[in-house]
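A look at the structure
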Amino acid sequence: MDKKLVALLACPVCKGDLKLNDAKTELTCYADAMAFPIREGIPVMLATEARTLSTDERLHKN
């Protein structure tokens, strides 16, 4: 996923910034502790599809 596109996207829950993970498979919102999947190069920006970050992930904001 292109970093310019990531800069344009916002969290659908809080409208905050998203961060692309190192594996480029998720967009993470640390404010809501949610990770949105990227499937076939397309971000799935639905709260129902997001996973909740673990405590370790929340503490280590890469």
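Quick caveat: nothing in here was measured; it's all calculated off a predicted structure.

For the structure shown, the criterion picks out three salt bridges. Of the charged contacts in the structure, one is a salt bridge between Arg 39 and Glu 49, with a shortest N-O distance of 3.0 Å. Of this pair, Arg 39 sits in strand β3 (residues 34–39) while Glu 49 sits in the loop between β4 (42–43) and β5 (51–52), and the two are 10 residues apart along the sequence. Residue Arg 39 is classed as partly exposed on the basis of its relative accessible area of 43%. Residue Glu 49 is classed as partly exposed on the basis of its relative accessible area of 35%. One salt bridge connects Glu 57 with Arg 51, and the closest N-O pair in it is separated by 2.7 Å. A residue is classified by how much of its surface remains accessible, and Arg 51, at 33% relative accessible area, is partly exposed. Overlapping salt bridges bring together Glu 26, Arg 51 and Glu 57 as one network.

About the criteria used
Residues numbered from 1 in each chain as written. Predicted model: local features only at pLDDT ≥ 70, side-chain atom pairs only at ≥ 80, totals over all residues. Heavy atoms only, no water. Salt bridge = Lys/Arg side-chain N within 4 Å of Asp/Glu carboxyl O. Helix = DSSP H or I, 4+ residues; strand = E, 2+ residues; numbered from the N terminus. Buried < 20%, exposed > 50% of the residue type's maximum accessible area, 1.4 Å probe, protein only.

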